[in-house]
Each structure stands twice: as C-alpha cells, then as structure tokens.
Amino acid sequence: MRHSRKATLASAVGLGVAAALGGIVPTATAATPAGTPASYAAYERSQENESANRAFFDAVRRSVAEQRAANPGALAVTVTYNTRSAPSFRTQIANSTRIWNSSVTNVKLQEVSSGGNFSYREGNDSRGSYASTDGHGRGYIFLDYRQNQQYNSTRVTSHETGHVLGLPDHYSGPCSELMSGGGPGTSCQNATPNSAERSRVNQLWANGLAASGLGSKG
C-alpha cells in the first residue's frame, strides 16, 4: 500500500501483505505474487519499506520533541494516542499498551481523550492493517476488521504500535518476534516483543531522546 499526501512522503507500514496481516502491499509479479514468503522478503529489503518505516518514526519523534524540551530531565518520553476512531478495538489497544509499557523503560504510551501524537482508526481495507503518516507528526494506525478476525488481534495492534516506536517489519522472523507480522501465519498468537525488539526500542529512545535512525532490525 502506498500513500501520497500533497507531494510529501507518506508511509504505511504493516504486518505483511493483503490477507497476511497487511500494510504496504509489495508489487505482485508472476514469480513472486503478493502474500508469498518471497514477496515478504523482497519488500522487507526494499528501499520503499525502509523509507516508510523511517518516515513514520521520524514523524512521531518530531511530535514528541517538544515534550522533551519542556521536561529535559525526564528519563522516559511519553507518546500519547487517542482511540476515538477505533472504539471496537479499545480492549486490544489497551492490551497492546500494557504489553509495550511493561516491556520497555525509555518510552511510554498513554491514552488521551483527543489529539495525541498518533491515533487509532478502524474499518474495512483490502490492504489490511497498517501504520501511516503524512510526515507532519500526526500519524495513525488503521485496524482492519477482517484481518483482525483472522489473526490474533492484540498481535496486530501490538505489531503496528511497534512501528510507532521505531521498529521495522521483519517478515522472515519467527512467531516469537513481534515484527515478523504475518510471516508465521494465522496460528501465531504472540503479541509481545522479544528481547532484541525491547532492547532496540529502549536504545532508540535512550534517555528520553530518540536516536537518529532505525538501524538494524529489532
């Protein structure tokens, strides 16, 4: 899935493609149709995927920079979100927030009644669930109804939230790796980041400051 907003780079980073916890959909070819392990691997290594991940993370980072300036002594930055446009998924979102807040120490997620650094939305989209931003610091996570019926819904939400915190997709990873997304298939129930993913997020947000790049996959 590719977004464009008034000539600015928009990002959409998701769990996989189409019916496999989708987000940005890799271009299908006769040799590598969308939704296959080959298409996951090809897209994961693409410049487009790297740019999309970086754009979303950079947008959130800019959005929370003023919080750091207002409280430079804080050891952790708080990233705020609202769920007004995703009422059906409030339980899954709350579970995802608890998972992340108990997994990392340098950044915290907190719900607010309106506004926030990003928001959750819900609906029907053939591209599945994804994280997106117009590059102006007001990104959102879209949760697709059908996909959340096929896959563990908290895993979907927790994975997409991982993009907010700076983690890229890694479809070839095992179920124990949250950012492997749809790669392990519908039987995967894990919604918790592994130790490497937790460490990477803490590194990115060390001392309340987000690092300058995504670097290695968590």
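Residues numbered from 1 in each chain as written. Predicted model: local features only at pLDDT ≥ 70, side-chain atom pairs only at ≥ 80, totals over all residues. Heavy atoms only, no water.

**Looking at the environment of Trp205**
Next, step 1: The residue Trp205 is located in the segment after helix H6 (195-204) in this model.
Next, step 2: When the C-alpha atoms of Trp205 and Ala76 are compared, they prove to be 7.7 Å apart, with 129 residues separating the residues in sequence. (Helix = DSSP H or I, 4+ residues; strand = E, 2+ residues; numbered from the N terminus.)

**Some thoughts on the nonpolar core**
The nonpolar side chains of soluble globular proteins are, as a tendency, buried together.
Next, step 1: Counting residues in each nonpolar core, the largest one holds 26 residues, and the members touching the most others are Val79, Trp100, Phe118, Tyr120, Val201 and Trp205.
Next, step 2: Among the secondary structure elements, those contributing two or more residues to this core are strand S4 (77-85), helix H3 (90-103), strand S5 (107-111), strand S6 (118-123), strand S8 (139-144), helix H5 (153-164) and H6.
Next, step 3: The element that contributes the greatest number of residues to this core is S4, accounting for three residues. (Core = buried A, V, L, I, M, F, W, Y, C linked by side-chain atoms within 4.5 Å. Buried < 20%, exposed > 50% of the residue type's maximum accessible area, 1.4 Å probe, protein only.)

**Description of the confidence of the model for the protein chain**
Next, step 1: Taken residue by residue, the protein chain gives an average pLDDT of 74. The fraction at 70 or more is 60%.
Next, step 2: For residues 1-13, every residue scores under 50 in pLDDT, and the model assigns this stretch 49 contacts once sequence neighbours within four places are set aside.
Next, step 3: Contacts from residues 211-218, a stretch scored under 50 in pLDDT, to residues over four places away or in other chains number 30 contacts. (pLDDT = per-residue confidence, 0-100. Contact = heavy atoms within 4.5 Å.)

**A word on H3**
Next, step 1: Along its 14 residues, H3 runs 20 Å from first to last C-alpha, staying within 8% of the 20 Å computed at 1.5 Å per residue.
Next, step 2: Among the residues of H3, Gln92, Ile93, Ser96, Thr97, Ile99, Trp100 and Ser103 are the ones counted as buried. Taken end-on, H3 shows its buried residues confined to a sector of 160°, consistent with a single buried face. Turned more than 90 degrees away from the buried face of H3, the exposed residues are Thr91, Arg98 and Ser102.
Next, step 3: Buried-residue contacts for H3 involve S4, S5, S6, S8, H5 and H6. (Expected span 1.5 Å × (residues − 1). Arc of directions from axis to C-beta.)

**Considerations on the state of the cysteines**
Next, step 1: Applying the stated criterion across every chain yields a total of one disulfide.
Next, step 2: Linked covalently through their sulfurs, Cys175 and Cys188 form a disulfide whose S-S length is 2.0 Å. Disulfide Cys175 to Cys188: torsion about the S-S bond roughly 85°, handedness right-handed. Highlighted residues: Cys175 in the loop between H5 and H6 and Cys188 in the loop between H5 and H6, separated in sequence by 13 residues.
Next, step 3: Using a relative accessible area of 4% as the deciding quantity, one classes Cys188 as buried. (Disulfide = S-S within 2.5 Å.)

**Some words on the packing of aromatic side chains**
Next, step 1: Counting across every chain of the model gives six aromatic pairs.
Next, step 2: Residues Tyr81 and Phe118 carry aromatic rings whose centres are separated by 5.7 Å and whose planes lie at 35° to one another, so their mutual orientation is tilted. In this pair, Tyr81 is assigned in strand S4 and Phe118 in strand S6, connecting sequence segments 37 residues apart. Exposure class is identical for Tyr81 and Phe118. Each is buried.
Next, step 3: When the centroid spacing of 5.3 Å and the interplanar angle of 90° are considered together, the rings of Tyr81 and Tyr120 count as edge-to-face. A residue pair is termed long-range when its members are at least 10 positions apart, and Tyr81 in strand S4 and Tyr120 in strand S6 qualify at 39 residues. With respect to burial, Tyr81 and Tyr120 carry one shared label: buried. (Phe/Tyr/Trp six-rings, centres within 6.5 Å; stacked < 30°, edge-to-face > 60°.)

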